[in-house]
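Here are the chains, one letter per residue:
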Amino acid sequence: MGSRGAFVNVNKDDFSFAEGGQHYNSIGCLSSNPNVKVLIQDSNNVKAPEFSHTSERIYAIVKDGKLKHLAYYDEKHRQSVSIDLAHPHNGIQPHRHVYLSHNKKDPGVPPTKEELVLIKKIQKEFHLK
């Protein structure tokens, strides 16, 4: 797959890969929802891709056998919601960020019930912590 923000120009529908960045490899899609793609990142930092080739995609980001992020993308291929499972935000873990706001002063917002169900499905099907 590509790297974080590695498309040449998403605004002009140029989804060819630019050089550099964090790289991901797909290990499959969730059997009950093929729009959920599970990715493994092959570098130290664990961040979800900024853009998706597929609009309205959901990426589950895995590092060292653990589900670290769940990222939702909008119709313009841009990340719209990020759920962090690896660390707390203002005492909430897991927590969600909407439209990539990661301001430390933002309140910790827990995932919705539907998001928690999806997280459990992904962890179970792909044998993740």
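Model, not experiment: these values are computed from the prediction.

### Here's the deal with the pattern of salt bridges
No. 1: One pass over the full model with this rule turns up one salt bridge.
No. 2: Here E115 ties to R96 by a salt bridge, and the two come within 2.6 Å at their closest N and O atoms. Here E115 is found in helix α1 (residues 113–125), whereas its partner R96 is found in strand β8 (residues 95–98), with 19 residues between them in sequence.
No. 3: Taking the relative accessible area as the measure of exposure, E115 reaches 6% and is therefore buried.
No. 4: Classification of R96 by relative accessible area gives buried; the value is 18%.

### Section: the environment of L118
No. 1: Here L118 lies in helix α1.
No. 2: Distance from L118 to S32, taken between C-alpha atoms, is 10.0 Å for residues 86 residues apart in sequence.
No. 3: Filtering out sequence-adjacent residues up to four positions away, L118 remains in contact with L30, V36, I58, L70 and Y72.

### A few points about the confidence of the model for the protein chain
No. 1: Confidence along the protein chain averages 80 in pLDDT terms, with 72% of residues attaining 70 or more.
No. 2: Mean pLDDT values for the elements of the protein chain range from 48 in strand β1 (residues 7–9) up to 97 in α1.
No. 3: Here residues 1–8 is modelled with pLDDT under 50, and outside its nearest four sequence neighbours on either side it reaches 40 contacts, counting other chains as well.

### A look at unusual backbone geometry
No. 1: A cis geometry characterises the amide bond from Q93 onward to P94, with omega recorded as -5°.
No. 2: One can find P94 in the loop between β7 (79–84) and β8.
No. 3: In this model, E56 sits at a positive phi of 55°, which is unusual for a non-glycine residue.
No. 4: The topology assignment puts E56 in the loop between β4 (33–41) and β5 (58–63).
No. 5: One non-glycine residue, H77, lies in positive phi territory at about 75°.
No. 6: Checked against the element boundaries, H77 lands in the loop between β6 (66–73) and β7.
No. 7: Judged by its relative accessible area of 15%, H77 falls in the buried class.

### Observations regarding α1
No. 1: The terminal C-alpha atoms of α1, which comprises 13 residues, lie 18 Å apart, in line with the 18 Å expected from a rise of 1.5 Å per residue.
No. 2: Buried residues in α1 make contact with β3 (24–30), β4, β5, β6, β7 and β8.

Definitions and cut-offs
- Residues numbered from 1 in each chain as written.
- Predicted model: local features only at pLDDT ≥ 70, side-chain atom pairs only at ≥ 80, totals over all residues.
- Heavy atoms only, no water.
- Salt bridge = Lys/Arg side-chain N within 4 Å of Asp/Glu carboxyl O.
- Helix = DSSP H or I, 4+ residues; strand = E, 2+ residues; numbered from the N terminus.
- Buried < 20%, exposed > 50% of the residue type's maximum accessible area, 1.4 Å probe, protein only.
- Contact = heavy atoms within 4.5 Å.
- pLDDT = per-residue confidence, 0-100.
- Expected span 1.5 Å × (residues − 1).

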